[in-house]
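# Notes for the structure review
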Amino acid sequence: MTDATPFALLKRNPDVLTCIANLSNDEVFTPPEFAARMLDTLAEGWASANDGANLWADSSATFLDPCTKSGVFLREIAKRLIAGLADEIPDLRARVDHILTRQLFGIGTSSLTALLARRSLYCSKWANGAHSVSRGFDSEDGNVWFERMEHDWQAGKCKFCGAPKTSLDRGDHRESYAYPFIHTDDPQARLAEMFGAEMQFDVIIGNPPYQLASDGGTRDMPIYQHFIEQAKSLQPRLLSMVIPSRWMASGLGLSDFRKAMLNDKRLKVLVDFPVANDVFPGVEIKAGVCFFLWDAQHNGPCELTTVRGDQNFGPGLRDLGEHDVLVRDAQSVLILNKVRAFGETSINTILARDKEFGWTSNFTDFSKQQNVGDVPLYYIRTMKRHIGYIERTKITKSVNLIDNWKVLVPAAYNGGDVVPHPIVGKSLIAPSPSVCTQSYLFFSAGSREEAESIQSYYTTRFFRFLVSLRKITQHATHSTYTWVPLQTWDRVWTDAALYEKYGITADEQAYIESMIRPMESAA
């Protein structure tokens, strides 16, 4: 082997890993340039925790990608170690064999991704093949392991990942999505089985699968949190993963995970990309993505950076646990704190709960023609607003709210990730009496005048800016409005009046208006 031969594939243009298509929006291949950015952050963290030491010059450091797909992290680490260990291990063949057999380890998410990862790392789909750049393996797998696993079904769900049996118990001929790294109570024993010895990894890094299909519902179940929790249980020195950003303020079943992350003082660096396309071209992931560096020795504030296109905001030191959700930028925190200092009651005290009248969005037991005594029922179907009619006697939940005036607001609104953004859909005043399906939340009012005042407040940029701090996906739940203060409903509210009331400076006003699009009331 000569200096020119190992990893020759990496020197070809274009890099093959920039050309392969993603498996889905749930399993996204990491672009090499983004993997390099994460590794740069990793090396900086290692140096700061180890008196300036060079991670890539440490022949004893061990690395695990527990969810390898293309093998890009392992490949890029190998490139850096080959350069960094040149003085300690001058012989290139010996150096490559040492790195590949003793330092780099991966667990495939499927048989296909394991083959891809071996091809990237060993230049051969078999670690002991004739074309492999390593001569140190006896097995075909090398240190990139995969075997099909099965879910452990209990009460209709997998006890490890929560996957529904009805969706994923489908026989040996189809992928099980029972990822080996998280389908065990004893990850240390599982790693020993995989790699033939007890393992203690210095660095765990990866891009885990993001979610699994829900059991007949409209929202998929996140799964990436299980990889992070399992990785932490192995007690590495450093941990870095790229994941969706929606954990910061929402996500099905992520409340405990969010609380743990925000209050973990070992979270040293967090880099947030509100637009996922800035990281994964052509991929739409609502609320964007982020990567983090977790350092077992760190105990303090987190260095937070927000990236939009070619603009970097930060880094700035933040106490991530200051609130129950993460406010994504420092400027917004300053404005929020000004508003919260007034100590006012939240507007969600007059806001209805999800399914206030008990009907889902696909409810159909109503008439399109009004009969005497029927109550108008507001609903949204295929993104269009409609009014149906229902007998008052069929309304059995929240009957005390039927005769209130209401300001109806859509429970979901997308609009993309580009700023300025409207944040929420247009409101609609529903006269008394009225009801609605799950398509809407609503603010209760005592009269048309009060409803019009509430509606004027809802349309202000100030109102929608405060909503945006907690609304990270298309869904706007009751808690999304927590930080919007209650006002008096005896006037038409304007941004100018609200800016004056809360002491919002000219610079802060400009910032709000750069983030929030103007809105008019719905007809």
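Remember, it's a predicted structure, so these values are computed and weren't measured experimentally.

Under the definition given, this model contains 21 salt bridges. In this structure, the salt-bridge partner of glutamate 76 is arginine 75, at a minimum N-O distance of 2.7 Å. Comparing glutamate 76 with arginine 75, the two get one shared label, buried. For aspartate 324, the salt bridge identified is with arginine 470, shortest N-O distance 2.8 Å. One end of the pair, aspartate 324, is in the loop between strand S13 (311–318) and helix H9 (330–340); the other, arginine 470, is in the loop between helix H11 (461–468) and helix H12 (495–502), with 146 residues separating them in the sequence. On the basis of relative accessible area, arginine 470 is assigned to the buried category, the value being 8%.

In this section: the pairing of strand S9 (residues 238–244). If a strand is regular, its side chains alternate between the two faces of the sheet. In terms of residue burial, S9 counts as a mostly covered element, since 7 of its 7 residues are buried. Relative to S9, strand S6 (residues 203–206) is paired through 4 bridges, and the arrangement is parallel. When the bridges of S9 are listed, valine 203 appears paired with leucine 238. Relative to strand S11 (residues 289–295), S9 runs antiparallel, the two being bridged by 7 bridges. Bridge pairing in S11 places proline 244 opposite valine 289.

What follows deals with the nonpolar core. Counting 145 residues, the largest nonpolar core has Leu104, Phe195, Trp247, Leu270, Phe292, Phe443 and Tyr481 as its most contacted members. If near-sequence neighbours (up to four positions away) are discounted, tryptophan 247 is found in contact with Tyr224, Leu254, Phe257, Arg258, Met261, Leu262, Leu270 and Cys290. Counting residues in hydrophobic clusters, the runner-up holds 21 residues, among them Phe357, Tyr378, Ile380 and Ile402.

Scoring rules and cut-offs
Residues numbered from 1 in each chain as written. Predicted model: local features only at pLDDT ≥ 70, side-chain atom pairs only at ≥ 80, totals over all residues. Heavy atoms only, no water. Salt bridge = Lys/Arg side-chain N within 4 Å of Asp/Glu carboxyl O. Buried < 20%, exposed > 50% of the residue type's maximum accessible area, 1.4 Å probe, protein only. Helix = DSSP H or I, 4+ residues; strand = E, 2+ residues; numbered from the N terminus. Pairing = 2+ DSSP bridges. Core = buried A, V, L, I, M, F, W, Y, C linked by side-chain atoms within 4.5 Å. Contact = heavy atoms within 4.5 Å.

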